[in-house]
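Examining the three-dimensional arrangement
What follows is each chain in one-letter form.
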Amino acid sequence: MNTLEGLMVRLIAVALLLPFFLLSAGSTAIRGYDSASARDEILREKQARSLPDAARIRATIEQLSSRPHLAGTAGSQETAEWILSQLRSWGIDAKIETFDALLPTPEARVLEMAGPPAFEAKLQEPAVAADPFSADPGAIPTFNAYSGSGDVTAPLIYVNYGLPADYEVLQRRGIDVRGKIVIARYGASFRGVKASVAQEHGAVGCIIYSDPRDDGYFQGDSFPKGPYRPAGGVQRGSVLDLGIQPGDPLTPGWASEPGAKRLTVDEATTIQHIPVLPISYEDATPLLAALTGPVAPESWRGALPLTYHLGPSTPVHLKVTMDNETHPLYDVIATILGTEFPGEWVLYGNHHDAWVAGANDPLSGAAPLLESARALSEMLKTGWHPKRTVKIAFWDAEEYGLIGSTEWMEKHAAELTAKVAVYINSDSSGSGTLSAGGSHSLEEAVREILRDVNDPVSGKSLLEERLSHSHNSANPGFHLSPLGSGSDYTPFLQHLGIASLSLGFENSAGNGVYHSIYDDFYWTSHFEDPHFAYGRALAELDTTVLMRLADAPLLPFEFGQLSSAVTSYLDEIARLPKARETVNLDAARHANEKLALAARDFDKAWDHAESKLSTADAARLAEVDRLLMGSEHDLTLEPGLPGRPWYRHRIYAPGRYTGYAVKTLPGIREAVEAGRGDEAAEQTKEVAGVLEKLAEDVDTAAKLIAKL
C-alpha cells in the first residue's frame, strides 16, 4: 500500500467512525449560542438537572392533595399561600395577585325518573376502602361549572358524543331533540361543546356520563384494582363555552379585579342557559336502559351490558340550581430578574387549583415546576444568573375555564406583549412518552433540549424516546404538535400571539380518574408514577427549558419548520371534500413561499453569525430579539376569527366544535368545512397577509444578524 492509499484508508476510517464519536461525546451545539457559551451552558444545565429531588416532588403532591382545593374555596387560597411560602423560603421574589371571578357551585342537583322503574340518581362518588381520601367529607359535589339553572321534566334522547355530526344522524332518523333532555357520553370533544350543541338544537337539559368503553373497565381494571374509572366515578368539569373565549364570563376582555365592571349572568355569552349535569355510568345505566326507539348505530354503542337505543324514554326530571357567586382567586407569580435583558421574559406556568384533590391534575405538573424553581434558586447560590428574566406562575381557577391565567393576561396585556419572549406551560403529567406541542418557530430549540434530557427509565434521551414512538412516515423526525386549547397557554398564544410551548409526559395509566374524587395521592402513587421518577424528569426538563431560553445570547427561533408546517396545513385543507368549489389557496401559498425564502436567508445569516454571539454587542442582540419576540404577534389579527374574535391567531386555534383539539389555519379550515366560500376567501387573504408580514420581519432579522 503506498502513502496515498494509506492516507485514503485512514480518511475513510475516520469518516465512518466520526458519527459514532459525535454520538458518544454528545453534541454541544445549541441554537442561539456560540461554541464557547454552549459548552458553559451545557455544564450549568447538567448541574441544575442534578438538583430536582423525586422525594420532594412526592412530598409536595402528598401535601397539596391532602385536602380539596377547588378555586374559590379556602383550600385553593391555602394552596397558593403554601406555594408562595416555599418560593420565598428559597430566596425567590414572589407574590400573589388576586382577582374576583364568577366561580359558581351548585345549590341543588336532582336527577330522577318516575318510571317504571322509578329511579333516583345518587350523584355522589362512593368511598373506596383502600383509598382513605375517597371518604373525605369535604369532597366537592359532582357538577358542571357554568351550567344554567333549571328545573325540567322531559323525555330523554341519547346523542352519542353530542357533536354536530351526531345530531345530523338523529335528524336523518327523524328524531328531534327540541324540548327533550339529551344524554351524551364524555369523549371526542370538550364537555362545553356538548352542552352548547344541545342548547343550539333546542334541548332543555343535558346529562353527560362516562361510558366504560372510553375510560372504564373496557380499557382495563377499574379503580382500586386498576387505574380506570369505577362504576360510581364522575368527571366534573367546566362547560364554559371555551370556543368563544376563556376567562371570567362576566368580564370578557378586561381583568376581573375587585370593583371592575361586570356583566349580569344573563348578559354573559359563554355560560350555558340549560341545566347540565355530569353523572357516573352507574347512574346512567337505568336511564339508558329506559330508552326506547331505534337501536343506536354500532359506533355509538358503549360497553354497558344493555342495548343502546336512541330514545325517547319516559320523562326524566333534571334540576340544577347554581349559586352564581363571585369568589377571589389567587395567582402566584415568582420572578428571577435577568442581568442582561431584564425586559425580556421567559414565563413558565402551571395551575394549582383542582376539582378535588388533584394529585394528577394538576399536581403531577405543578409539583415538578415548583421543584424546578427550587433548583434555580440553588443555581443562583453558585453564581448563575439568567440573562433574561425568568417568571414562574401558578395559576388559579384553570379548571373553571383558564380563569386565573386569562385575567392576569388581561390585566398585564400590554406589558406581556412587549416583554414575554416565550410562554411555557405544563398541566397534568404522567409516566409515558413526552408530549410536546407549541409554536413551530421553537421546534429546533425544543429538539435540542430533548436531546440533552434523559428518560428516567430507558436512559435514552427524551428525543430518542419520542422518535422511537413516532409513526408518522409521511413527516418523519421530531415535530411539535400544534396547540388548540384546554390549558393556560391559550391566552398567551391564541390571544396575545406569544410563542408558546406545552410540555408533559403522557398519562400511561389512562385517564380513568380524571376530575373525580379518586384523582388523589393513592391513585398517583399506585398507578401513574410510583417512584415519582417522571415527576423528577419533568422538573429536569422544566429547569433546562428555562435556563436554555433565559441564557441564550440570541433567542433560538427558526422559521423553516413553521413554513413547512403551513404547507402541510394548506395541503390538508385542499384535500377537504368542499375545498375545490369553496376556496383558492394560491394567495396563502405564495405568501408562505416568501416565508420559506426568508427563513432560508435567516438561517444563512444565522450560521454566519452564530460563532460571534457571545462577543456581539448586547444592544444589537436585543434589537434582533425584539423582532423574534414579535414574530408570533405577526400571526395574529384584530379582530380575530369569525364569530369568536377573541381568538386572534391565524395559524392555531381550538375548533369551534372541538373545544380542546386544534384546528390549524382555523379561519380557512372551518369556512371550507361549512361551505362558506366568501368567508374562506377572506380568511385566505388574511392568512396570506400575516405570512407576508412575518416574512418581512424574518428578512429584516436576517439582515440585522448579518451585521453582528
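Residues numbered from 1 in each chain as written. Predicted model: local features only at pLDDT ≥ 70, side-chain atom pairs only at ≥ 80, totals over all residues. Heavy atoms only, no water.

1. Here we look at the overall build of the chain
For the chain, the helix and strand inventory stands at 22 helices and 19 strands. For the chain, the centre of its 62 positive side-chain charges and the centre of its 93 negative side-chain charges are spaced 4 Å apart. (Helix = DSSP H or I, 4+ residues; strand = E, 2+ residues; numbered from the N terminus. Lys, Arg positive; Asp, Glu negative; His and termini not counted. Charge placed at Lys NZ, Arg CZ, Asp CG, Glu CD.)

2. Remarks on the sheet that holds strand β16 (residues 434-438)
Read from one edge to the other, the open sheet built from seven strands follows the order β1-β12-β14-β13-β15-β17-β16, with strand pairing classed as mixed. The open sheet has two free edges, formed respectively by β1 (93-102) and β16, since each of these has just one partner strand. The mean inter-strand angle of the sheet, taken between neighbouring strand axes irrespective of direction, is 20 degrees. Bridging between β16 and strand β17 (residues 500-505) involves five bridges; their strand directions are antiparallel. Across the sheet, Ala 436 pairs through a bridge with Leu 503, a residue of β17. Sitting on the sheet, helix α9 (residues 363-381) touches β12 (326-336), β13 (341-351) and β14 (388-395), and the angle it makes with β14 is about 150 degrees. Lying on the sheet, helix α16 (residues 533-551) is in contact with β13, β14, β15 (420-425), β16 and β17; it crosses β17 at an angle near 160 degrees. (Pairing = 2+ DSSP bridges. Axes fitted to C-alpha atoms, helices over the stretch in contact; angles between N-to-C directions. Contact = heavy atoms within 4.5 Å.)

3. Some points on the sheet that holds strand β7 (residues 181-185)
Strand order in this open sheet of four strands is β6-β7-β8-β10, and the pairing throughout is parallel. Looking at strand neighbours, the two that pair on one side only are β6 (156-158) and β10 (276-279), the edges of this open sheet. For this sheet, the mean angle separating the axes of adjacent strands, direction not counted, is 25 degrees. Pairing analysis gives five bridges linking β7 to strand β8 (residues 205-209), with the strands arranged parallel. Residue pairing for β8: Val 182 is matched across the bridge by Cys 206. Sitting on the sheet, helix α6 (residues 191-200) is in contact with β7, β8 and β10, with an inclination near 150 degrees to β8.

4. Notes on the side chain of Ser 147
As for its position among the elements, Ser 147 is in the loop between β4 (144-145) and β5 (150-154). Here Val 276 takes part through its backbone nitrogen, which lies 2.8 Å from a polar atom of the side chain of Ser 147. (Polar contact = N/O pair within 3.5 Å; in protein donor to acceptor, adjacent residues only side chain to side chain.)

5. Considerations on the side chain of Ser 487
Position of Ser 487 relative to the elements: it lies in the loop between α13 (462-468) and α14 (490-496). What makes Ser 487 buried here is its relative accessible area of 6%. Setting aside its immediate chain neighbours within four residues, Ser 487 contacts Glu 398, Leu 402, Asn 425, Ser 426 and Asp 427. (Buried < 20%, exposed > 50% of the residue type's maximum accessible area, 1.4 Å probe, protein only.)

6. Some words on the packing of aromatic side chains
This model, assessed by the stated rule, comprises 20 aromatic pairs. With centroids separated by 5.9 Å and ring planes inclined at 50 degrees, the aromatic side chains of Tyr 158 and Tyr 308 adopt a geometry described as tilted. Here the residue Tyr 158 occupies a position in strand β6, and Tyr 308 occupies one in the loop between α8 (281-289) and β11 (316-322), the gap between them amounting to 150 residues. Since its relative accessible area comes to 0%, Tyr 158 is described here as buried. (Phe/Tyr/Trp six-rings, centres within 6.5 Å; stacked < 30°, edge-to-face > 60°.)

7. A short note on the confidence of the model for the chain
Residues of the chain with pLDDT of at least 70 account for 96%, and the chain-wide mean is 94. Low pLDDT (under 50) marks residues 1-26, which in the prediction has three contacts with non-local residues, meaning those over four places away or in another chain. (pLDDT = per-residue confidence, 0-100.)

8. Thoughts on the pattern of salt bridges
Should their charged atoms come close, side chains of opposite charge can pair. As enumerated under the stated definition, the model contains 35 salt bridges in all. Where Glu 344 meets Arg 388, a salt bridge forms, and the shortest distance between an N and an O atom there is 2.7 Å. Of this pair, Glu 344 sits in strand β13 while Arg 388 sits in strand β14, placing them 44 residues apart in sequence. No difference in accessibility class separates Glu 344 from Arg 388, as the two residues are buried. Among the salt bridges present, the one from Arg 669 reaches Glu 572, with a minimum N-O distance of 2.9 Å. Of this pair, Arg 669 sits in helix α21 (residues 666-673) while Glu 572 sits in helix α17 (residues 560-574); the two residues are 97 residues apart in sequence, bridging distant segments of the chain. Shared partners join several salt bridges into a network, and the residues in it are Glu 45, Arg 49, Arg 451, Asp 452 and Arg 548. (Salt bridge = Lys/Arg side-chain N within 4 Å of Asp/Glu carboxyl O.)

9. So, the packing of helix α2 (residues 35-49) against α16
Two quantities define a packed helix pair, namely the angle between the axes and the distance from one axis to the other. At their nearest, the axes of α2 and α16 sit 9 Å apart, and the two run at 150 degrees to each other. In terms of orientation, α2 and α16 fall into the roughly antiparallel class. The interaxial crossing formed by α2 with α16 has right-handed handedness. For the pair formed by α2 and α16, the contact residues are Glu 41, Ile 42, Arg 44, Glu 45, Ala 48 and Arg 49 on the first element and Arg 536, Glu 540, Thr 543, Thr 544, Met 547, Arg 548 and Asp 551 on the second. Within the contact of α2 with α16, the residues separate by chemical class into three nonpolar, two polar and eight charged. (Parallel < 35°, antiparallel > 145°, perpendicular 65-115°, else oblique. Left-handed = near helix turned anticlockwise from the far one by under 90°. Nonpolar A, V, L, I, M, F, W, Y, C, P; charged D, E, K, R; others polar.)

10. A few points about α8
Working note: α-helix, 3.6 residues per turn, so residues spaced by three or four point in the same direction. Residues of α8 that are buried include every one of Tyr 281, Asp 283, Ala 284, Leu 287 and Leu 288, and no others. Mapping the buried residues of α8 onto a view down its axis gives an arc of 145 degrees, with all of them on the same face. (Arc of directions from axis to C-beta.)

11. Here's the deal with α9
Spanning 19 residues, α9 covers 27 Å between terminal C-alpha atoms, matching the ideal 27 Å at 1.5 Å per step. Across the 19 residues that make up α9, a large majority, 16, are buried. Following α9 by one or two positions, Gly 383 adopts a phi angle in the positive range, close to 105 degrees. (Expected span 1.5 Å × (residues − 1).)

12. Quick notes on the pairing of β17
Of all six residues making up β17, six are buried, and the element is well covered by its neighbours. As defined by bridge partners, β15 adjoins β17 across three bridges and the pair is classed as parallel. Across the sheet, residue Asn 425 finds its bridge partner in β17, namely Ser 502.

13. Notes on unusual backbone geometry
The phi angle of most residues is negative, glycine excepted, and most peptide bonds adopt the trans form. The linkage connecting Pro 116 with the following residue, Pro 117, adopts the cis geometry, with an omega of -5 degrees. The topology assignment puts Pro 117 in the loop between β2 (106-113) and β3 (119-120). The peptide bond linking Gly 311 to Pro 312 adopts the cis configuration, its omega dihedral lying at 15 degrees. Note on placement: Pro 312 falls in the loop between α8 and β11.

14. Points about the packing of α9 against α16
The geometry of α9 relative to α16 is characterised by a closest axis approach of 8 Å and an angle of 55 degrees between their N-to-C directions. In terms of orientation, α9 and α16 fall into the oblique class. Helix-helix and strand crossings are classified by hand; for α9 and α16 the assignment is right-handed. Across from Ser 364, Gly 365, Pro 368, Leu 369, Glu 371, Ser 372, Ala 375, Leu 376 and Met 379 in α9, the residues of α16 making contact are Gly 535, Leu 538, Ala 539, Asp 542, Thr 543, Leu 546 and Met 547. Within the contact of α9 with α16, the residues separate by chemical class into nine nonpolar, five polar and two charged.

15. Here's the deal with the environment of Ala 367
Positionally, Ala 367 belongs in helix α9. Separated by 17 residues in the primary sequence, Ala 367 and Asn 350 place their C-alpha atoms 9.2 Å from one another. Those residues in contact with Ala 367 that sit more than four places away from it in its chain are Ile 57, Thr 60 and Ile 61.

16. Observations regarding the pairing of β14
Within a regular strand, side chains alternate between the sheet's two faces. Where burial is concerned, most of β14 is hidden: eight out of the eight residues are buried. As defined by bridge partners, β12 adjoins β14 across five bridges and the pair is classed as antiparallel. Considered in β14, the bridge of Ile 336 is made with Val 390. The pairing of β13 with β14 spans eight bridges and is classified as parallel. By the bridge assignment, Asn 350 is partnered in β14 with Phe 394. The handedness of the β13 to β14 crossover, carried by α9, is right-handed. (Right-handed = clockwise from strand over helix to strand, strands pointing away.)

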